[in-house]
Amino acid sequence: MELFTNQVLAGIATGAIYACMALAVVMIYQAIDHLNFAQGEMAMFSTFISWQLMQWGVPYWAAFVITLVLSFIGGIAIERILFKPLAKAPVLTNVAGFIALFSIINSSAGLIWDFTIKQYPTPFGSSPFLGSQLVSTHQAGMIGVTVLLLLGLYFFFQYTRIGLAMRAAASVPESARLVGINTSWMIALGWGMASAIGSIAGMLIAPVVFLEPNMMGGVLIYGFAAAVLGGLTSPFGAVVGGFLVGIFENLAGTYIPGVGNELKLPIALALIISVLVVKPAGLFGRHIVKRV
Amino acid sequence: MSAAEDVVTEGNEAVEAVPKRAMTLGLGTSLVVLLLLVAVPLFAKNFIIFQMTQLLYLGLAVLALNILTGGSGQFSLGQSAFYGIGAYVTAVMMEQFNIPYFLCLPVAGVLCFGVGFLFGQPALRLSGVYLALATFALATAMPQLLKLNFLEPWTGGVQGLVVTKPDAPFGLKMSQDMWLYYFTLVVVLAIYVFSVNLLRSRSGRAFMAIRDNEIAASAMGVNVALYKTLAFGVSAGITGVAGGLSAIAVQFVAPDSFTITLAIQLFLGMVVGGVGWLPGSIVGAAFIIFVPNIAEGVSKGLSGAVFGVILFIVIYLVPHGARQVAILGQQFAGRLRRN
């Protein structure tokens, strides 16, 4: 039983990483209706910017805030420059655009900061949290930040005018335009916010997985899986999905014989698919009815 | 964000409707392309012939994805898994059981058809990104499954398997590369003709009806479950043959050649070639073979960025891929004829 509890705790700790990433994925999905494959790379690039700022002597929290602002602007710039012209192109062409963006960011980061693994500081320290060997204070801090972020987003979308406008622009663009909402800019805003949330995720994950251009590869896959499991239309679902995927992955690695690190991911994904077969819109997703 | 149901109206389908006549080339153009494919190797060096073989079998794999996505509207990131199964089946049969290569390919195809058909069953309930995730899981699992210990006597584990290249039969005076090219060409052409006819048949119409509107299709009496899984099966079978051809041409199979990267390349090939336009598959294959090399040539350190930029330029200029170029060309030719 103790093994089980420990593994679940460890799962929650890694799950916090996935939850963060899944939140960013869902944010952009809300705004543009596509999964952004370059999301992880954008987060990685933001994290490198914050690292560079700290190398130049900027204190952690200042670097954190500057990176957040820069990422927000960067996300909007990417949408305005690269993806706005593709707004009328077919969906699959947009996906190809994401892959191109992925390739560009990954390769540029490799050239600017090279591929060696770098240490990244944590503001929370890394001593054991409440005497548990499995959860460090950093991981506890990460969970805390994720929950705060989720609450913030909830209030933003439910109780502010601009949040309402963004929801309207995403769900019924034409009617939103008729009541005077600039839907095009709402999409850009969605990109900016997703990029900013991604940068928070990146900065929280970097102390755990270390900083390098490919650090987001695995995390993004789990983040996607978490977002899809929780339901792509629900930020709350994304966070729950993140924790569930973390727990799934750990338990599969512990209890199913013959599962090394290599098979953890396929098994976690297989589990997620079994869930999706029963609930095709994810655990907390809205069921979409199509008009013929 | 409530749990209320959303109603989505028409007009934002994932895959655009391509009429079946627009899926193929005209007779004249087809003959010219065929003539080029037959004649060029006679005047080319062995390495170029090898690259053309590569172009053919990757084109075949892109074609398979095109049938699935452009034909039936289903999305797959798991093509690399079927490709890997096809390659491994061919390699294992050739090397461990000494079965001639031309008999291995149909077995690979039929086996992959079966796997694809079965995989299509759970995938039935999923669509769009959810289906993408399911197929993605298959793609990530495949290299690990190929490395499994108890399969090692056949697959050679992480090391992979070396495959012997077949000689030209009947005492033909032809290099191995050239023989393999013509062999591949015949297989690919046969499958291309089969695919074109499939899409023009009753089954093809059913695929397209499902792609354009699943609910309407089922109301018209199309057995949606059957045709969706059938599309998966056919696509997987063709991909398996392509994988088998690649194993013979490259003379080597290893688990790490069949990762998600391959599936993404095939996807890019489909988009660049034009979703739903079968002849575009070969253009897409050319893109994924040659553009990374060009990017490498432009800048070693930034090859990924150069590749991304080229891809961006291509999708800006022609968001519908090579199909758009072909349509423009046709209109231009039509205008010339009228003058």
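Residues numbered from 1 in each chain as written. Chains lettered and ligands numbered in written order. Predicted model: local features only at pLDDT ≥ 70, side-chain atom pairs only at ≥ 80, totals over all residues.

Caption draft 1: Just unusual backbone geometry, in detail. Backbone geometry at D114 of chain A places phi at a positive 50°, although glycine is not the residue there. Here D114 of chain A lies in the loop between α4 (91–113) and β1 (128–129). A positive phi angle, close to 65°, is found at Q251 of chain B, a residue other than glycine. Accessibility expressed as a C-beta count within 10 Å gives 14 for Q251 of chain B, which makes it partly exposed. (Helix = DSSP H or I, 4+ residues; strand = E, 2+ residues; numbered from the N terminus. Buried ≥ 20, exposed ≤ 12 C-beta atoms within 10 Å, placed from the backbone.)

Caption draft 2: Examining the confidence of the model for chain A more closely. Per-residue pLDDT for chain A has a mean of 83; in total, 94% of the residues score no lower than 70. By mean pLDDT, strand β3 (residues 288–290) of chain A is the weakest element of chain A at 64, and helix α3 (residues 60–83) of chain A is the strongest at 92. (pLDDT = per-residue confidence, 0-100.)

Caption draft 3: Geometry of the confidence of the model for chain B. Residues and elements named next belong to chain B. Counting all residues, the mean pLDDT for chain B is 83, and 93% of those residues have values of 70 or more. The least confident element of chain B is strand β1 (residues 6–8), whose mean pLDDT is 43; the most confident is helix α10 (residues 224–250), at 91. Every residue in residues 1–12 is under pLDDT 50, and counting partners more than four places away or in other chains gives 18 contacts. Taken together, the chains of this predicted complex give a pTM of 0.85 and an interface ipTM of 0.82. (Contact = placed C-beta atoms within 7 Å.)

Caption draft 4: The packing of helix α9 (residues 216–230) of chain A against helix α10 (residues 235–255) of chain A, seen in detail. Residue and element names in this part refer to chain A. In the contact formed by α9 and α10, the axes pass within 7 Å of each other and the chain directions differ by 120°. The angle between α9 and α10 falls in the class oblique. Viewed along their axes, α9 and α10 form a crossing whose handedness is right-handed. Here Y222, A225, A226, A227, L229 and G230 of α9 lie close against α10, whose contacting residues are G237, A238, V240, G241, G242, L244 and V245. Tallied by class, residues from the contact of α9 with α10 come to nine nonpolar, four polar and no charged. (Axes fitted to C-alpha atoms, helices over the stretch in contact; angles between N-to-C directions. Parallel < 35°, antiparallel > 145°, perpendicular 65-115°, else oblique. Left-handed = near helix turned anticlockwise from the far one by under 90°. Nonpolar A, V, L, I, M, F, W, Y, C, P; charged D, E, K, R; others polar.)

Caption draft 5: Just the packing of helix α11 (residues 260–273) of chain B against helix α12 (residues 280–298) of chain B, in detail. All names here are of chain B. At a minimum axis separation of 7 Å, α11 and α12 run at an interaxial angle of 125°. In this view, α11 runs oblique relative to α12, as classed from their interaxial angle. Here α11 runs over α12; the crossing is right-handed. Where α11 approaches α12, its residues Q265, L268, G269, M270, V272 and G273 are matched on the opposing element by G280, S281, V283, G284, A285, F287 and I288. Across the contact of α11 with α12, the residue classes tally to seven nonpolar, six polar and no charged.

Caption draft 6: Representation of helix α2 (residues 46–72) of chain B in the model. Residue and element names in this part refer to chain B. The end-to-end C-alpha separation of α2 is 38 Å, in line with the 39 Å expected for 27 residues at 1.5 Å each. N66 marks the point of greatest bend in α2, at about 30°. Buried residues dominate α2, accounting for 22 of its 27 residues. In the stretch just after α2, G73 is the one whose phi turns positive, near 75°. (Expected span 1.5 Å × (residues − 1). Bend = angle between axes of the 7 residues up to and from the residue.)

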